[in-house]
Amino acid sequence: MQTEEEILKIKKVKNTAVRTVVLRHLLSLEKAQSLKDIENALPYTDRSSIFRTLKTFEENKVIHSIEDGSGMTKYAVCAEGCNCDPKDLHYHFYCTNCDKTFCLFDVPIPNIQLPKNFKLQQANMVVKGLCDNCNR
């Protein structure tokens, strides 16, 4: 697994204290996090700095955003080698009990044949149910 510094270097994102803290937090979890989740986990970090960091990370393909139907955008670290191209798109699993969202990296979104002159830029595939913990 790559360190925060290695990921930022590969993605050509300037390393700052806030960026390192936010990325370390996201890497430490197996689930996607909302801005509010990240703020609560990092109480000494300014909300606007976290938001700007997330936007910078998203623009530079360090993380991807997920609209899981919960009403809050969630963020997860991109898999190693991901460039957020259509081939990198994958399903997400939203637990309807605990409200956690998980990336299903091993389940790619199938290639969709679009009409002539259409270009896929984003796909949002969310599967809903109970996660392993809630299903026990």
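Predicted model, so just to flag it, every value in this text is computed and none were measured. (Residues numbered from 1 in each chain as written. Predicted model: local features only at pLDDT ≥ 70, side-chain atom pairs only at ≥ 80, totals over all residues. Heavy atoms only, no water.)

## A word on the packing of helix H2 (residues 17-27) against helix H4 (residues 47-59)
- At their nearest, the axes of H2 and H4 sit 10 Å apart, and the two run at 75° to each other. Accordingly, the angle class assigned to the pair H2 and H4 is roughly perpendicular. For the pair H2 and H4, the contacting residues are Val18, Arg19, Val22, Leu23 and Leu26 in the first and Ser49, Ile50, Thr53, Leu54, Thr56 and Phe57 in the second.
- Here the contact of H2 with H4 is composed, by residue class, of 7 nonpolar, 3 polar and 1 charged. (Axes fitted to C-alpha atoms, helices over the stretch in contact; angles between N-to-C directions. Helix = DSSP H or I, 4+ residues; strand = E, 2+ residues; numbered from the N terminus. Parallel < 35°, antiparallel > 145°, perpendicular 65-115°, else oblique. Contact = heavy atoms within 4.5 Å. Nonpolar A, V, L, I, M, F, W, Y, C, P; charged D, E, K, R; others polar.)

## As for a nonpolar patch on the surface
- Together, Ile112, Leu114 and Phe118 give the surface a local cluster of nonpolar side chains, amounting to about 290 Å² of exposed area.
- Residue placement: Ile112 occurs in the loop between strand S5 (101-108) and strand S6 (126-129).
- Ile112 sits in the partly exposed class, given a relative accessible area of 46%. (Patch = residues over 30% accessible without salt bridge, like charges linked within 9 Å, V, L, I, M, F, W, Y side chains within 5 Å. Areas by Shrake-Rupley, 256 points an atom, 1.4 Å probe, with all protein chains shown as cover. Salt bridge = Lys/Arg side-chain N within 4 Å of Asp/Glu carboxyl O. Buried < 20%, exposed > 50% of the residue type's maximum accessible area, 1.4 Å probe, protein only.)

## Some thoughts on the nonpolar core
- One finds Leu23, Leu54, Phe57 and Ile63 to be the most contacted residues of the largest nonpolar core, which totals 17 residues.
- When residues of this core are traced back to their parent elements, those giving at least two are helix H1 (4-10), H2, helix H3 (35-41), H4 and strand S3 (73-77). (Core = buried A, V, L, I, M, F, W, Y, C linked by side-chain atoms within 4.5 Å.)

## Some remarks on the sheet that holds S6
- In space, the 3 strands of this open sheet follow the order S5-S4-S6, with mixed pairing throughout. Each of the sheet's edge strands pairs with one partner strand only, and the pair in question is S5 and S6. For this sheet, the mean inter-axis angle between neighbouring strands, taken without regard to orientation, is 30°. (Pairing = 2+ DSSP bridges.)

## Details of the layout of surface pockets
- Considered as a void within the structure, the largest pocket measures approximately 520 Å³ in volume.
- Taken together, 26 residues form the lining of the largest pocket, with Leu27, Val77, Cys78, Ala79 and Glu80 sitting closest to its centre.
- Counting residues per element, the ones that place at least two in the lining of the largest pocket are H1, H2, S3 and S5.
- For the lining of the largest pocket, a count of residues per class yields 17 nonpolar, 4 polar and 5 charged. (1 Å grid on protein atoms, 1.4 Å probe; cavity = no way out; pocket = protein on both sides within 12 Å on 5 of 7 lines; lining within 4 Å. Points joined across faces, edges and corners; volume = space filled by probe spheres on them.)

## Quick look at the pairing of S3
- Among the 5 residues in S3, 4 count as buried, and that is most of the element.
- Note that strand S2 (residues 63-67) and S3 share 5 bridges and pair antiparallel. The residue bridging His64 from the neighbouring strand is Ala76, located in S3.
- Where S2 hands over to S3, the hairpin turn is made up of 5 residues, of which Gly69 adopts a positive phi near 90°.

## A closer look at unusual backbone geometry
- Positive phi, close to 65°, is recorded for Asp99, a residue that is not glycine.
- Locating Asp99 in the fold gives a position in the loop between strand S4 (90-95) and S5.
- A positive phi angle, close to 70°, is found at Asn117, a residue other than glycine.
- With respect to the element layout, Asn117 can be found in the loop between S5 and S6.
- When its relative accessible area of 75% is taken as the criterion, Asn117 is described as exposed.

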